[in-house]
Amino acid sequence: MEPTTREELLTAAERYARTVPIEVDLSGIDWECSDRAVRRAGACIYNRRTGNVTIRLTWSAYRSFGWEEFTGTIRHELTHAWEFQQFGESGHGGRFAEKARELDAPRHCRSFSDARLRLCCSSCDREARRYRASKAVKRPAKRRCGSCGSRYHVKHVESGHSWRTHAGYLIARKKLDEDW
Ligand SMILES: [Zn+2]
Ligand SMILES: [Zn+2]
């Protein structure tokens with residue numbers, strides 16, 4: 001049975017964490033569920049003073065991924081918890097990547113926000129939502145607005161970055177890196 005409430009999600013996550021083969025002290029981890037419209041599926045917060053770790057799971061991400069895929073998010077956040085507990089810091093560097101690979105966890109906190117991209121006409125107000133890097137997002141110069149025939153630009157909603165060409169896309173992608 002997949003969790004259907006926030007409480008159930010937290011319970012399931014805690015239980016699942018016990019089955020993940022990673023040396024973390026689970027008694028030092030608090031689990032939270034976030035309802036805020038954040039882009040990250042999860043977050044791992046370290047209290048340097050107490051050494052306590054909080055793993056925050058995003059409810060809407062769970063709803064959009066489903067449990068099976070969401071366990072990847074849990075393994076990802078547990079990898080952060082492991083780094084925090086072992087080394088007092090955590091990132092997405094080589095050490096993290098290696099451990100994440102062992103656990104078959106995604107290296108990057110996947111962002112999930114719905115339609116984080118907009119394809120906008122430069123002349124009229126026509127706008128289309130895009131969820132991922134589609135052809136039009138990568139190469140907007142090849143498209144023309146269906147209403148007025150003008151060129152499109154693509155906007156990355158969260159950061160405000162926008163581009164009109166493939167080169168522009170590559171630059172934005174590089175700049176945004178994990179915030180893509
Ligand atoms: Zn991460
Ligand atoms: Zn137009």
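Description of the structure in this document.

Calculation rules
- Residues numbered from 1 in each chain as written.
- Chains lettered and ligands numbered in written order.
- Predicted model: local features only at pLDDT ≥ 70, side-chain atom pairs only at ≥ 80, totals over all residues.
- Heavy atoms only, no water.
- Donors = N, O, S within 2.8 Å, 3.2 Å for Na, K, Ca; no water.
- Tetrahedral: all angles 85-135°; square planar, octahedral: opposite > 155°, others 65-115°.
- Helix = DSSP H or I, 4+ residues; strand = E, 2+ residues; numbered from the N terminus.
- Contact = heavy atoms within 4.5 Å.
- Phe/Tyr/Trp six-rings, centres within 6.5 Å; stacked < 30°, edge-to-face > 60°.
- Buried < 20%, exposed > 50% of the residue type's maximum accessible area, 1.4 Å probe, protein only.
- Lys NZ or Arg CZ within 6 Å of the ring centre and 35° of its normal.

For the zinc ion (ligand 2), the full set of protein donor atoms is Cys 121 (SG), Cys 124 (SG), Cys 145 (SG) and Cys 148 (SG), at a range of 2.2 to 2.3 Å. Metal-centred angles of 100 to 120° between the four donor atoms at the zinc ion (ligand 2) mark the site as tetrahedral. Site description for the zinc ion (ligand 2): donor spacing in sequence, C-x2-C-x20-C-x2-C. On the criterion of sequence distance, the pair formed by Cys 121 in strand β4 (residues 117–121) and Cys 148 in the loop between α5 (135–138) and β6 (152–156) is long-range, its members being 27 residues apart.

Our focus in this paragraph is the side chain of Thr 79. Secondary-structure assignment places Thr 79 in helix α3 (residues 67–87). With near-sequence residues (within four places) excluded, Thr 79 lies in contact with Ile 22, Phe 96, Lys 99, Ala 100 and Leu 103.

So, about the packing of aromatic side chains. For any two aromatic rings, the description comes down to two numbers: the centre-to-centre distance and the angle of the planes. Taken as a whole and judged by the stated rule, the model has six aromatic pairs. A centroid spacing of 5.5 Å and a plane angle of 45° characterise the contact between Trp 59 and Tyr 62, whose relative ring orientation is tilted. With a gap of three residues between them, Trp 59 and Tyr 62 both fall in helix α2 (residues 59–65), about one helical turn apart. Neither Trp 59 nor Tyr 62 differs from the other in exposure class; each is buried. For the pair Trp 82 and Phe 87, a centre-to-centre distance of 5.5 Å together with 80° between the ring planes defines the contact as edge-to-face. According to the relative accessible area criterion, Trp 82 is buried, its value standing at 11%. Through pairs of rings, three or more aromatic residues link up here, namely Trp 59, Tyr 62 and Phe 70. Its guanidinium or amino end placed over the ring of Phe 87, Arg 95 lies 3.7 Å from that ring's centre, counting from NZ or CZ.

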